[in-house]
Amino acid sequence: MSKSNAESHSVIFPANEFTIRKRMMTHRRLSSQRQILSPSAADAPQGGPGAHFQFHRTFAPHVVLAIAIGLAAPACAVAEPPPSLSLPITCTIGATCYVQSYVDIDPGPTARDFSCGTATYEGHNGIDFRLHSAAQARDAVDVKAAADGVVKAVRDGVEDNLFPPRDPGRECGNGVVIDHGDGWETQYCHLKRNSIVVSRGDRVARGKALGLVGFSGLAEFAHLHFSVRHNSVIVDPFAPFAKPGECAPSAAGRGLWDAATADVLKYSPSQLIDIGFTDQQPEVSDFEKEHVRTSPTQTSTTLLLFARFINLQKDDKVAISIVGPNGFTVERITKPLEHSKATYIAFAGKRRRNESWQSGLYSARVELIRGDTRPILRTTELILNP
């Protein structure tokens, strides 16, 4: 394709933005009503009817789910020596899994994480470790005990179902509660149905497999919701001794994590979790089901570059550029975001007007623009062979 044809017969697709939650697209409080939900006797975990699987749900604006296990806001100071926690999921942080949401430390109607950022939502009481998609969950990603303890409660048998209707009392889906002594507990939610390999009363060591990451209960993406409690009060493992509502932009330190885990869980306010070429513009729900996209061929109708972010902030912009054979170029900068976004997918590309795309190398560059900085930059390539 000649340069003139590329310029005169191409259509640049404007970047598009999406959020996981179809009806809850911005960081705004949709409801202040919180409900305390307990399973019925038939659905109760092994700990007894309703035992240790109580939930409150606050309608969260921008992400999948608000689970609260326990009745109180994040704790302030704790008296007993807390357990040292290791990573409760078998994955590589920043490559095969990501922290989607932190604990909401703000006791009011707004939401803030421990670093004063927006990587949380109203009423969220744990840490969400997300996978790329439900398809990745089929590869058997282990959920592990974060510290030594005794299994206090188990529930299994809840179906894995993305974008499910609300099922009161079963928001956690398949889950495990571990008692670590001195009032400390950890809870693990949304495990894959029939994957849990421990029972109530089992003594487990740190790193012991409990089950597999799934998307059971109230989940719209495959992830582990991990929460920590002390004497039935929620504790933020990143800032266990902070005063209620207190955050710090330069928050550092291990929190409750062991040294190795703290090192890999360094705070990232925004992340680019996927980038690539595709031949069609998928819906956000498609990405949550299967993140691997079909690559363009020489006869594809469109040639698109997508960039999939999590936890973007108000006024952020995304710059996309593609350079290819015979003067093929795409340059696009999105409009500033009107609100923070839990997930954001940008597309840019061209529609084919000639018989085929020119063979050769197509190079793409994606940058996150935040004020005068560009904190994220990623590149990728596509080779079209004749």
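Basis of the calculations
- Residues numbered from 1 in each chain as written.
- Predicted model: local features only at pLDDT ≥ 70, side-chain atom pairs only at ≥ 80, totals over all residues.
- Heavy atoms only, no water.
- Core = buried A, V, L, I, M, F, W, Y, C linked by side-chain atoms within 4.5 Å.
- Buried < 20%, exposed > 50% of the residue type's maximum accessible area, 1.4 Å probe, protein only.
- Helix = DSSP H or I, 4+ residues; strand = E, 2+ residues; numbered from the N terminus.
- Disulfide = S-S within 2.5 Å.
- Pairing = 2+ DSSP bridges.
- Axes fitted to C-alpha atoms, helices over the stretch in contact; angles between N-to-C directions.
- Salt bridge = Lys/Arg side-chain N within 4 Å of Asp/Glu carboxyl O.

Caption draft 1: Quick look at the nonpolar core. Within the largest apolar cluster, 47 residues are counted, with the highest numbers of intra-cluster contacts made by Ile89, Phe129, Val176, Tyr188 and Phe226. Listed by contribution, the elements that provide at least two residues to this core are strand S3 (97-101), strand S4 (127-131), helix H2 (134-137), strand S6 (149-155), strand S7 (174-181), strand S8 (184-191) and strand S11 (223-230).

Caption draft 2: View of the state of the cysteines. Inspection of the entire model under this criterion finds three disulfides. In this model Cys116 forms its disulfide with Cys247; the gap between the sulfur atoms is 2.1 Å. Taking the torsion about the sulfur-sulfur bond, which here is approximately 105°, the covalent link between Cys116 and Cys247 counts as right-handed. Of this pair, Cys116 sits in the loop between S3 and S4 while Cys247 sits in the loop between strand S12 (233-235) and helix H3 (259-264), placing them 131 residues apart in sequence. The residue that forms a disulfide with Cys172 is Cys189, at a sulfur-sulfur distance of 2.1 Å. Across the disulfide from Cys172 to Cys189, rotation about the S-S bond amounts to roughly -100°, and the bridge is consequently left-handed.

Caption draft 3: Region of interest: the sheet that holds strand S16 (residues 329-333). One open sheet holds the four strands; their spatial order is S16-S15-S18-S19, and the pairing between them is antiparallel. Looking at strand neighbours, the two that pair on one side only are S16 and strand S19 (373-384), the edges of this open sheet. Taken over all neighbouring pairs, the strand axes of this sheet differ in orientation by 10° on average, direction set aside. Pairing analysis gives seven bridges linking strand S15 (residues 317-323) to strand S18 (residues 360-370), with the strands arranged antiparallel. By the bridge assignment for S18, Val318 is matched with Leu368.

Caption draft 4: Representation of the sheet that holds strand S13 (residues 271-278). Sheet architecture is open: three strands sit in the order S13-S14-S17, paired in antiparallel fashion. Edge strands, defined here as strands with exactly one partner in the open sheet, are S13 and strand S17 (341-351). Ignoring which end each strand starts from, the neighbouring axes of this sheet average 10° apart. Relative to S17, strand S14 (residues 302-312) runs antiparallel, the two sharing ten bridges. Of the residues in S17, the one forming a bridge with Leu303 is Lys350.

Caption draft 5: The environment of Val264, seen in detail. The residue Val264 is located in helix H3 in this model. For Val264, a relative accessible area of 41% translates into the label partly exposed. With 172 residues separating them along the chain, Val264 and Thr92 place their C-alpha atoms 8.6 Å apart.

Caption draft 6: Main features of the pairing of S18. Note: S18 against S19, ten bridges, orientation antiparallel. Bridge pairing links Glu367 to Leu377 in S19. What sits between S18 and S19 in their antiparallel hairpin is a turn of two residues, with Gly371 showing a positive phi close to 65°.

Caption draft 7: Region of the structure containing the pattern of salt bridges. In total, this model carries ten salt bridges according to the counting rule given. Two residues, Arg112 and Asp106, come together in a salt bridge whose shortest N-O distance is 3.1 Å. With its nearest N and O atoms 3.3 Å apart, the salt bridge here joins Asp263 to Lys266. You can call Asp263 partly exposed: its relative accessible area is 46%.

Caption draft 8: Highlighting unusual backbone geometry. Although it is not a glycine, Asn231 sits at a positive phi angle of roughly 50°. With respect to the secondary-structure elements, Asn231 resides in the loop between S11 and S12. Despite not being glycine, Ser232 has its phi angle at roughly 70°, a positive value. Along the chain, the position of Ser232 falls in the loop between S11 and S12. Ser232 gets classed as exposed once you look at its relative accessible area, which sits at 53%.

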